[in-house]
Amino acid sequence: EAQVTQNPRYLITVTGKKLTVTCSQNMNHEYMSWYRQDPGLGLRQIYYSMNVEVTDKGDVPEGYKVSRKEKRNFPLILESPSPNQTSLYFCASRRAGGGTNEKLFFGSGTQLSVL
Amino acid sequence: GENVEQHPSTLSVQEGDSAVIKCTYSDSASNYFPWYKQELGKRPQLIIDIRSNVGEKKDQRIAVTLNKTAKHFSLHITETQPEDSAVYFCAASSYSSASKIIFGSGTRLSIRP
């Protein structure tokens, strides 16, 4: 089954304790992206990757890191989480190329609480 | 950069009536406009999209219209049903910046029985 898999589904942590949220897709998509969802603010892009070893900042990258060492994986790293990073996070992927836009496939989300 | 405004933030309609959600965008280069539906506790899923070379697109009970001159696009749901209750997001992007898809702030649609 074609899917984007995120883990964990729920995460409670404390300020300053490094964490990683994993994201994996099995559709051979070139493009992967991370979003955070906050009430009244919609989905805001954190980082995206057009292909292996190619990453770039989205609209709200502060406090986050990503890596794209393999095509299928795109982990989100919070080196020193703070309470304002409490949010619902979604990973997404799609095909890329030809200058066209394609449907985004979203993971199931990670609800992060930073105390 | 692109900015997408979405209205209303909440919408309640009687079952069987129509619902309309409106979005405006700022970047005239935007030419792809998808709509995503997010049911409670679930992930967003694409329900319909429109490209700038057409003015309207329909898929059963849902339709999207685009007015490029006014830079606005709308989602229309007819004969609403309980399963239409969800949060709906509009979005905009351009071929030149396909990496950036800007989402609206979302509309929570509730269908009253």
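These figures come from a predicted structure and were not determined experimentally.

Peer 1: Looking at this model, I keep getting lost on the environment of S26(B). Mind explaining?
Peer 2: All names here are of chain B. Take S26: it is sitting in the loop between β3 (19-25) and β4 (32-38). Exposure remark for S26: the relative accessible area of 36% places this residue in the partly exposed category. As for S26 and E5, which are separated by 21 residues in sequence, their C-alpha atoms are 8.8 Å apart. With sequence-adjacent residues up to four places away left out, S26 is seen in contact with G1, E2, N3 and K71. Side-chain polar atoms of S26 contact the backbone nitrogen of N3, separated by 2.9 Å.

Peer 1: Which parts of the structure should I look at to understand the nonpolar core?
Peer 2: In summary, soluble globular proteins display a tendency toward joint burial of nonpolar side chains. Membership of the largest hydrophobic core comes to 24 residues, with the highest contact counts inside it found for W35(B), F73(B) and L109(B). Secondary-structure elements contributing two or more residues to this core are β2 (10-14), β3, β4, β5 (45-51), β7 (62-67), β8 (72-77), β9 (86-92) and β11 (107-112) of chain B. In contact with L109(B), other than residues within four places in its own chain, are L11(B), V13(B), A19(B), I77(B), D84(B), S85(B), A86(B) and Y88(B). Within the second largest apolar cluster, 19 residues are counted, among which are Y47(A), L76(A), C91(A) and V114(A).

Peer 1: Honestly, the pairing of strand β9 (residues 87-94) of chain A in this entry has me stumped. Any pointers?
Peer 2: Within a regular strand, the side chains alternate between the two sheet faces. Residue and element names in this part refer to chain A. Counting buried residues along β9, eight of its eight residues qualify, which places the element largely inside the surrounding structure. Because side chains alternate across β9, one face comprises the buried residues S87, Y89, C91 and S93, and the other comprises L88, F90, A92 and R94, equally buried. Sheet topology places strand β4 (residues 31-38) next to β9; seven bridges connect them, and they run antiparallel. Following the sheet pairing, Q37 is matched in β9 by L88. The pairing of β9 with strand β11 (residues 110-114) spans three bridges and is classified as antiparallel. Within β11, the residue paired with L88 across the bridge is Q111.

Conventions we followed
For every chain, the first residue of the written sequence is number 1, and numbering continues from 1 along that sequence. Naming scheme: in the order in which they are written, chains are lettered from A and ligands are numbered from 1. Residues qualify for local features only when their pLDDT is at least 70, as the model is predicted, and side-chain atom pairs are given and counted only at 80 or more; totals for whole chains, interfaces and linings, by contrast, use all residues. The side-chain numbers reported here are obtained from all heavy atoms of the structure, hydrogens and water having been left aside. Each helix is a run of H or I in the DSSP string that is no shorter than four residues. Each strand is a run of E no shorter than two, and both are numbered from the N terminus. Partly exposed residues are those whose accessible area sits between 20% and 50% of the maximum for their type, while under 20% is buried and over 50% is exposed, using a 1.4 Å probe and protein chains only. When checking whether two residues touch, look at their non-hydrogen atoms; a contact exists if any pair is within 4.5 Å. N or O atoms within 3.5 Å of each other form a polar contact, as long as, within protein, one can give a hydrogen and the other can take it, and as long as residues adjacent in sequence are counted only when both atoms are side-chain atoms. What is meant by a nonpolar core is a set of buried Ala, Val, Leu, Ile, Met, Phe, Trp, Tyr and Cys residues, joined one to another through side-chain atoms within 4.5 Å. Between any two strands, at least two bridges found by DSSP are needed for them to pair.

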